[in-house]
Amino acid sequence: SPRGADSVTNGMTTRLGPIRGVRLVTACAERLSTFYADAFGFAPAPPRDETPAAAGGLLGLSGTEIRSTPMYLGHQEIEFLTITPQGQPYPQGVGSADTIFQHIALVVPDMDAAVARLVSVGGATQISTDGPEMLPESSGGVTAYKFRDPEGHPLEFLKFAEGRVPDYWAKASGSTCLGFDHSAIAVADTKASLAFYSRLGFHRGPGSLNTGAEQARLDGVLGAVVEVTGLAIAHAPPHVELLCYRGGTARTPTAANDVAATQIAFSVPNSGMLSALVDQLAAYLLSPGIIDLGNGTNAALLRDPDGHRLLLQTVS
């Protein structure tokens, strides 16, 4: 299996496993799952009813019903969480430079074909102001296009330049989308975020300072200047990317049943390692400690310095 991230926690080596997937809160799982199938080629899996007390406790909610609707693109998973009672819809006016912003980057082999399929399906709204943008070499030389799904969750199409396709994606196959490369989160302070994520076993990976008209059009942010920092961890995609915009806006964290309350789900090999991480990061806990989800699975929910949610779950 792929090697995870190592860190020393209370005298023991903690190995954080790969990203299991991304969990999106939805007001209508049926509509959103149909959109992801039609626009990107995700395949549905049977819905899962989560035990109310355990699932609600994990999210810091009580008296809730939660249904998980998983979908797969290859082996990569996105879950749509239907939470009753529902929270707030995705807030209006949130831009790429706001710290509540978090997008999923989908790798495409043909940008024009991917955008054409997206337009034909309908329901998406653009973030990029002038279609796909080829970024300069200083910004990675990729071609990208940002948009929102029908409920407002931000997404990105990403096409690597010829001759610069990472090995993992060079071997991948698919018609419209190959899979998702990373989840990018907007942060207020790169240094503070790196200090937090290093405690989970990440270290600073490749990065760049992206500026110029192309970046401004891609993000829909006038005069965008963004420090992009990858979080390196020794396993296959997806990974996490930090986006720190100069002049960005700090947003109050959302409630767990709000549409904007996205979770990145990580696997943890065993309960001992999960306990060590929770002890070390107790100040960032959203759940009241570790929650027993049944079937030998334990989990905890953290919130990073900017309010982005991280689900740590043992591998059953």
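Just so you know, these numbers come straight off a predicted model, no measurement behind them.

Peer 1: Quick question: what am I supposed to make of the packing of aromatic side chains here?
Peer 2: Given two aromatic rings, their pairing is described by the distance between the two centres and the angle made by the two planes. Inspection of the entire model under this criterion finds 15 aromatic pairs. For the pair Tyr36 and Phe40, a centre-to-centre distance of 5.2 Å together with 80° between the ring planes defines the contact as edge-to-face. On the criterion of helical spacing, the pair formed by Tyr36 and Phe40 is a turn pair, its members being four residues apart in helix α1 (residues 29-40). The pair formed by Tyr36 and Phe40 is uniform in burial state, with each residue classed as buried. Taken together, Phe35, Tyr36, Phe40, Phe42, Phe80, Tyr145, Phe147 and Phe157 form an aromatic cluster joined through their ring pairs.

Peer 1: How do you make sense of the pairing of strand β8 (residues 102-107) when you look at a structure like this?
Peer 2: Regular strands show a simple pattern: their side chains alternate between the two faces of the sheet. Counting buried positions along β8 gives six out of six residues, so the element sits mostly inside the fold. With burial as the criterion, each face of β8 is covered, one bearing Gln102, Ile104 and Leu106 and the other bearing His103, Ala105 and Val107. As judged from the six bridges shared by β8 and strand β13 (residues 179-186), these two strands associate in the antiparallel manner. Note on β13: the bridge partner recorded for His103 is Ala184.

Peer 1: Sorry if this is basic, but what is going on with the side chain of Glu79 here?
Peer 2: In this fold, Glu79 is placed in strand β7 (residues 76-84). A polar side-chain atom of Glu79 sits 2.5 Å from a polar atom in the side chain of Ser68.

Peer 1: Mind showing me how you'd approach the pattern of salt bridges here?
Peer 2: Should the charged atoms of two oppositely charged side chains come close, the side chains can pair. One pass over the full model with this rule turns up eight salt bridges. With its nearest N and O atoms 3.9 Å apart, the salt bridge here joins Arg20 to Glu77. Within this pair, whereas Arg20 is found in strand β3 (residues 19-26), its partner Glu77 is found in strand β7, the two being separated by 57 residues in sequence. Residue Arg20 is classed as partly exposed on the basis of its relative accessible area of 26%.

Peer 1: Where do I start with the packing of α1 against helix α3 (residues 111-121) in this structure?
Peer 2: Following both chains from N to C, one finds α1 and α3 inclined at 140°, their axes separated by 8 Å at the closest point. Here α1 and α3 pass one another in a crossing that is right-handed. On the side of α1, the interface is formed by Phe35, Ala37, Asp38, Ala39 and Phe40, while α3 contributes Arg117, Leu118 and Val121.

Peer 1: Explanation requested: the environment of Leu312 in the structure shown.
Peer 2: Secondary-structure assignment places Leu312 in strand β20 (residues 309-314). Relative accessible area serves as the criterion here: at 0%, Leu312 is assigned to the buried category. Leu312 sits 175 residues away from Glu137 along the chain, and the two C-alpha atoms are 36 Å apart. Not counting the four nearest positions on each side in its chain, Leu312 is found in contact with Leu16, Leu200, Phe266, Val268, Leu274, Leu277, Asn298, Ala299, Ala300 and Leu302.

Peer 1: Would you mind showing me how to read the pairing of β3 here?
Peer 2: Counting buried positions over the eight residues of β3 gives seven, a clear majority of the element. Across four bridges, β3 lies against strand β17 (residues 263-268) in antiparallel orientation. Note that in β17 the partner of Arg23 across the bridge is Gln263. Where β3 lies against β7, six bridges are found, and the strand directions are parallel. Within the sheet, the bridge partner assigned to Thr26 lies in β7 and is Thr82.

How each quantity is defined
Residues numbered from 1 in each chain as written. Predicted model: local features only at pLDDT ≥ 70, side-chain atom pairs only at ≥ 80, totals over all residues. Heavy atoms only, no water. Phe/Tyr/Trp six-rings, centres within 6.5 Å; stacked < 30°, edge-to-face > 60°. Helix = DSSP H or I, 4+ residues; strand = E, 2+ residues; numbered from the N terminus. Buried < 20%, exposed > 50% of the residue type's maximum accessible area, 1.4 Å probe, protein only. Pairing = 2+ DSSP bridges. Polar contact = N/O pair within 3.5 Å; in protein donor to acceptor, adjacent residues only side chain to side chain. Salt bridge = Lys/Arg side-chain N within 4 Å of Asp/Glu carboxyl O. Axes fitted to C-alpha atoms, helices over the stretch in contact; angles between N-to-C directions. Left-handed = near helix turned anticlockwise from the far one by under 90°. Contact = heavy atoms within 4.5 Å.

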